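Geometric and topological summary
Okay, here's what each chain looks like letter by letter:
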Amino acid sequence: MTAVTTTTGRDAVHASRPVLPGAVNALGTVPFFAYTAVFLVLPTVLVVVGAFQARNGAFTLNGISQLLSPRTVDIFTTSLWISALTGLVGTVAGGVIAYALSLSPEGSLGRRVMVALMSVTAQFGGVMLSFAFIATIGINGLVTRLLAPFPALTPDPGFLSSLSGVALVYCYFQIPLMVIVFLPAVEGLRPQWREATENLGGTSWTYWTRVAGPILLPSLLGSFLLLFANAFSAFATAAALISQQSVLVPLEIESALRNENDLGMDAYAQALALGMILVVAIVMALYAALMKRAARWAA
Amino acid sequence: MGRVRSRGTWFRRIVLSLAVVYFLVPLVSLADFSVRFPLTGKVDGAAWVALFGGGQNDKLNLLTEGLGNSLVMAAMAVVISLGLLLPTMVLVRLRLPRLSKVVEFVCLLPLTIPAVVLVVGLAPVYLVISTKVLDSNTIWLAFAYVILCLPYVYRALDSGLRAIDLRTLSETARSFGASWPTVLFRVLVPNLRSALVSSVFMTLAVVLGEFTFARMLARTNLQTALFEINLSDGQIAAAVSLVVLGGTIVLLVTLDLVVALRERRVHSRAGIA
């Protein structure tokens, strides 16, 4: 309705030209919305509905009851724990790197290359990243061989397919992601704030605990949540490292999807996916609330 | 003040050097791994010869198939995502500003829905596609890849459209009698060149790195082929990973520098005027 009035209002300016009426304008967005409906909204709806639906279409709570079984709860706990841990490591290390990067001259070549390098490692690792780590600290890895003379330091051959190994590889993409999402926040710290602190007799410690810290805190927590959701959703890296059992939710979804035709697996994959949606939705809601707070200092 | 600054410089240098080392070690290891025979530790270029020497074997056939599929899908995803998003975003900005929040929300939604979740819902959709609409060819996965690229393409186009005066450009062209396709292709596209280039590169990087959908829906793309090959020949898998990762890094760094140079040129020109 409003679209129609705005269009006619605008058209008064150059009335000589026959212009598309509002309804036709709205029709122009149909391809976009139809496409995203089929490939984005429909799959999401199918997950939510499918979590309560048996193969014959009847209502079932089988998936949900399996989701709440001790084994699945364990898997969720492991996933949540590893996401929190790698999120924390990523937040701290990435935060320090982001701050260091913000000190380097803006627009310099080194800084640009560094940011580009970070965005590649943050987003496009997956399977190849796992190979890189196998080549580094796997049985025949470069670092493993270099450390061979010092048995105490040599990584255990099974380390990479253990949870701690997976956590280490996750950090490799968590840290650069942190740098990318946190860089704008540290760039927003104005040198005047530091100077004002110093003029008023404050030390570095005062500056960080009383000025910069409180300003950065919402973005810091928000970035942690993004990292958390990122690790929680990661699949390729874990799949390439862990081949034996499903210790993380995405791996369990894979095996559930694969064994979908087994009796008793009705709606399980969908229920697991629904569980993930709920976790990510909570994380994202917190994130949105924090970003609202962080925006106060952005202006 | 001087003392603070030099301390800051040292802090910056040490942290950034450590970061560079940390991020380069796995890549260097990948290179080392690709030329070292696992049991004896002997250096040999067999993997690279196998890759680029023009020979034939089953592993390479799988790899060629996966790479071929991924490249075709990347091209399809580029065409579909731009063809879908560019006209919609232009239309929404010019005529339906109320919808802009909705379009933004839909485009950024894939960032919050994990791919492993989406694929559970895509499985029945693709069952219908492969049995009733098209066939089970891998390349139709490109339709789903468009969704994964949506946030990146949206952001690139959004910043591109912000930087130009869309309304004036299109109204001027229209009042000179240009049709809408002419406005789109001959006026807007040239002005959005760097936004388009960056969305193409991002799409390329996303599609070439995609594993989850292909793995779960049992299709063959570059990453699933690599995954399979690694089980039998780690050296070839390492060599290909190095080429793809290195290629992506070089691609994105170059893109960033090109954009930076153009910005600088535009700024200096504006400064003279």
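Scope of this entry: the structure provided in the associated data block. (Residues numbered from 1 in each chain as written. Chains lettered and ligands numbered in written order. Predicted model: local features only at pLDDT ≥ 70, side-chain atom pairs only at ≥ 80, totals over all residues. Heavy atoms only, no water.)

1. Digging into a nonpolar patch on the surface
Going by this rule: Residues enter a patch when their relative accessible area is above 30% and they make no salt bridge; the linking distance is 9 Å between like charges and 5 Å between nonpolar side chains (Val, Leu, Ile, Met, Phe, Trp, Tyr). Surface exposure here means Shrake-Rupley accessible area, sampled with a 1.4 Å probe, where a residue is shielded only by the protein chains that are shown. A side-chain nitrogen of Lys or Arg and a carboxyl oxygen of Asp or Glu constitute a salt bridge if their distance falls within 4 Å. Numbering of helices and strands starts at the N terminus; helices are DSSP runs of H or I of at least 4 residues and strands are runs of E of at least 2.
Taken together, the side chains of Leu88, Val92, Val96 and Leu103 of chain A together with Phe11 of chain B define a hydrophobic patch exposed on the protein surface, amounting to about 400 Å² of accessible area. For the nonpolar patch, the element with the highest residue contribution is helix 5 (residues 70-103) of chain A, accounting for four residues. By secondary structure assignment, the location of phenylalanine 11 of chain B is in helix 1 (residues 2-34).

2. Regarding the packing of aromatic side chains
Residue and element names in this part refer to chain A. Rule in force here: Classification of ring pairs uses Phe, Tyr and Trp, with its six-membered ring standing for Trp, and accepts pairs whose centres are within 6.5 Å; under 30 degrees between planes counts as stacked, over 60 as edge-to-face, and the remaining range as tilted. Note on exposure labels: buried denotes an accessible area under 20% of the residue type's maximum, exposed denotes more than 50%, and partly exposed covers the range between, all computed with a 1.4 Å probe on protein chains only.
On inspection of all chains with the given rule, the structure shows 20 aromatic pairs over all chains. Seen in terms of ring centroids, phenylalanine 133 and tyrosine 172 are 5.1 Å apart; in terms of plane orientation they differ by 80°. Their pairing is edge-to-face. Here phenylalanine 133, found in helix 7 (residues 127-137), pairs with tyrosine 172, found in helix 9 (residues 163-187); they are 39 residues apart in sequence, far enough to count as distant. Judged on exposure class, the residue phenylalanine 133 and its partner tyrosine 172 are both buried.

3. Quick notes on helix 13 (residues 249-258) of chain A
To keep it simple, the criterion reads: The contact rule is simple, with two residues in contact once any of their heavy atoms fall within 4.5 Å.
Burial analysis of helix 13 of chain A places eight of its 10 residues in the buried class, which makes it a mostly covered element. The set of residues buried in helix 13 of chain A consists of Val249, Pro250, Leu251, Glu252, Ile253, Glu254, Ala256 and Leu257 of chain A. Of the surrounding elements, those touching the buried residues of helix 13 of chain A are helix 5, helix 11 (204-233), helix 12 (236-241) and helix 14 (268-294) of chain A together with helix 5 (115-133) and helix 10 (212-216) of chain B.

4. Topic: the nonpolar core
Heads up, the condition is: The definition of a nonpolar core used throughout is a set of buried Ala, Val, Leu, Ile, Met, Phe, Trp, Tyr and Cys residues joined through side-chain atoms within 4.5 Å. Each domain's extent was defined by an automatic or database domain assignment.
Counting residues in hydrophobic clusters, the biggest one holds 172 residues, and the most contacted among them are Phe39 of chain A together with Leu85, Tyr126 and Phe213 of chain B. Ranked by residues supplied to this core, first place goes to helix 3 (residues 58-94) of chain B with 16 residues. Residues lining this core come from more than one domain, with at least three contributed by each of domain 1 (1-50) and domain 2 (64-297) of chain A. Leave out the neighbours within four places in its chain, and leucine 85 of chain B touches Phe32 of chain A together with Cys107, Leu150, Val153, Tyr154 and Leu157 of chain B.

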